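The chain contents come next:
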Amino acid sequence: MIKPCVIGLGYVGLPILIGLSKKYLSTGFDINKKRINDLNNGKDIFNEVKKKDFTNKNIKFTHSIKSARNSNLFIVTVPTPIYKNKNPDLGHLKNVCEKLSKILKHNDIIIFESTVYPGVTNNYCIPLLEKNKSSLVEGEDFFVGYSPERVNPGDKNHNLKKIDKILAYPHKFKKNELVKLYSLVGKKIILSKNIKEAETAKVIENIQRDVNIGLINEIYLVCKKLKLNFNNIIDLASTKWNFKKFSPGLVGGHCLPVDPYYFAYISKKNNFNTKITLAGRYINDSMVDTATNEIIDQIKKLNIKK
């Protein structure tokens, strides 16, 4: 019997935990004690989960990794941000792997969902998991896979029940059980044997969108300079069958402003300097100032007096 533990109870981890708890005795772990206290009281600051979903007796929340030692499946959904110099910050992943390595047992399964550059799971996470358990070897004694998160906070049209979920798992051990389990948090499960390919697929999903939004933001700014009606222009261009319609504006969230730097980082490490991957970053970052100035201009036009 699989007993899952979701590590990291943010807007990604908590909905997964709630979904799994419908059929599995599940543990939710987070290092944030206040977060655990809130969840034990049925409070989710992200408003992604309704209070009634917390009444499930199959859920146990904890901030002690030792309390999760009876679990045999660990789903890791911790943040993967960047440093000020734009290099990947894998600190949260390192912390989790070091904690897990101390409670790891024979036949445990670890599935990483955090967005990373290709190679992190195999070359960074697995060695950390094996470090404090020298007698346990991945692929023989415990098993690692990767299932990139596709959560879009606040989007009710693309929640876990309605999206396809990739599961990269290069092992036979409990493969069918894993697919059955993940079917609770995904409309369709797409299987892959290659973890690096799944890592890459995840990171380029967001890069593609970032670059497209960057392009449309640049077009918007040029149209503004030329005093052209941007909306009319996009409507006209959209009449062509293969034109992809994107809207200008801010690019926020955790993934889009971060993922291009992850891919560019590993590319540079392999002696390839990307040219297009980061093309959207400069223009998209600058849109904060653009939006602010436009708001100020509109306020001035309204002639609001104190």
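Refer to the structure printed above.
Please read all numbers here as calculations on a predicted model, not as lab measurements. Residue indices follow the written sequence of each chain, beginning from 1 at its first position. Note on the predicted model: pLDDT of at least 70 is required for a residue's local features to be given, and 80 or more for side-chain atom pairs to be given and counted; whole-chain, interface and lining totals, by contrast, use all residues. Just so you know, side-chain values use all the structure's heavy atoms and leave hydrogens and water out.

Bringing the side chain of Ser71 into the picture now. In this structure, Ser71 sits in the loop between strand E3 (59-62) and strand E4 (73-76). Here a residue-residue contact requires only that any non-hydrogen atoms of the pair lie within 4.5 Å. Leaving out residues up to four positions away in the same chain, Ser71 has contacts with Lys3, Pro4, Cys5, Thr27, Lys105 and Asp108. Helix numbers and strand numbers start at the N terminus; a helix is a DSSP run of H or I with at least 4 residues, a strand a run of E with at least 2.

Right, let's talk about the pairing of strand E1 (residues 4-7) for a bit. On any regular strand, side chains alternate: one points to one face of the sheet, the next to the other face. Three exposure classes are used, based on accessible area relative to the maximum for each residue type with a 1.4 Å probe and protein chains only: buried under 20%, partly exposed in between, and exposed over 50%. Both faces of E1 are covered, namely the face carrying Pro4 and Val6 and the face carrying Cys5 and Ile7. Note on pairing: DSSP must find at least two bridges between two strands before they are called paired. As paired strands, E1 and E4 are joined by four bridges and run parallel to one another. If you follow Ile7 over to E4, its bridge partner there is Val76. Here three bridges tie E1 to strand E2 (residues 26-29), and the two strands are oriented parallel to one another. Looking at E2, one finds that Cys5 is bridged to Thr27. We call a crossover right-handed when, viewed with both strands directed away from the observer, the connection leading from the first strand over the helix to the second proceeds clockwise. At this point the chain moves from E1, through helix H1 (residues 13-20), to the parallel E2, and the crossover so formed is right-handed.

This part is about the packing of aromatic side chains. Any two of the Phe, Tyr and Trp rings considered here, Trp counted by its six-membered ring, make a pair once their centres fall within 6.5 Å; the pair's planes then place it as stacked at under 30 degrees, edge-to-face at over 60, or tilted in between. This structure, assessed with the given rule, holds five aromatic pairs. Here the aromatic rings of Tyr117 and Tyr262 are separated by 6.2 Å at their centres, their planes lie at 45 degrees, and the arrangement is tilted. Residue Tyr117 is located in the loop between strand E5 (109-112) and helix H4 (120-131), and its partner Tyr262 is located in helix H8 (residues 259-269); the two are separated by 145 residues in the primary sequence. Residue classification places Tyr117 among the buried residues on the basis of a relative accessible area of 13%. With a relative accessible area of 1%, Tyr262 lands in the buried category. Taken together, the ring pairs connect Tyr117, Tyr262 and Tyr265 into an aromatic cluster. Lysine NZ or arginine CZ positioned within 6 Å of the ring centre and within 35 degrees of the ring normal marks a charge as sitting over the ring. Sitting over the ring of Trp241, Lys240 keeps its end group 5.4 Å from the ring centre.

Time to look at unusual backbone geometry. With a phi close to 75 degrees, Lys86 is a non-glycine residue in the positive phi region. You can see Lys86 is positioned in the loop between E4 and helix H3 (91-101). Given the relative accessible area of 37%, Lys86 is considered partly exposed. Positioned with a positive phi, Asn271 is a non-glycine residue whose angle comes to about 60 degrees. Mapped onto the fold, Asn271 is located in the loop between H8 and helix H9 (279-302). For Asn271, a relative accessible area of 76% puts it in the exposed group.

All right, on to the nonpolar core then. One finds Ile7, Val76, Leu93, Leu100, Ile110, Phe112 and Leu129 to be the most contacted residues of the largest nonpolar core, which totals 37 residues. Nonpolar cores were defined as sets of buried Ala, Val, Leu, Ile, Met, Phe, Trp, Tyr and Cys residues, with membership established by side-chain atoms within 4.5 Å. In this structure, Val12, Ile36, Ile109 and Val185 belong to the second largest nonpolar core, which totals 31 residues.

For patch building, the residue pool is restricted to those with more than 30% relative accessible area and no salt bridge; the joining distance is 9 Å between like charges and 5 Å between nonpolar side chains (Val, Leu, Ile, Met, Phe, Trp, Tyr). The method behind every accessible area is Shrake-Rupley, applied with a 1.4 Å probe, and residues are considered shielded solely by the protein chains displayed. Each reported salt bridge corresponds to a side-chain nitrogen of Lys or Arg within 4 Å of a carboxyl oxygen of Asp or Glu. A contiguous nonpolar surface patch, about 340 Å² in accessible area, is contributed by Val222, Leu226, Leu228 and Ile233. Within the fold, Leu226 resides in the loop between helix H6 (195-225) and helix H7 (230-237).

Our next topic: the state of the cysteines. As used in these notes, a disulfide is a covalent bond between sulfur atoms, one from each of two cysteines. The disulfide criterion is simple: two cysteine sulfur atoms within 2.5 Å. Across all of its chains, the model carries zero disulfides by this definition. Of all cysteine sulfurs in the structure, the one in Cys97 sits closest to Cys5, which takes part in no disulfide; the separation is 13 Å.

Under the defined criterion, the tally for this structure stands at ten salt bridges. In this structure, Glu205 and Arg150 form a salt bridge, with 2.6 Å as the shortest nitrogen-oxygen distance. Taken as a pair, Glu205 in helix H6 and Arg150 in the loop between strand E6 (143-146) and strand E7 (164-168) lie far apart in primary sequence, 55 residues in all. For Asp210, the salt bridge identified is with Arg281, shortest N-O distance 2.7 Å. A residue pair is termed long-range when its members are at least 10 positions apart, and Asp210 in helix H6 and Arg281 in helix H9 qualify at 71 residues.

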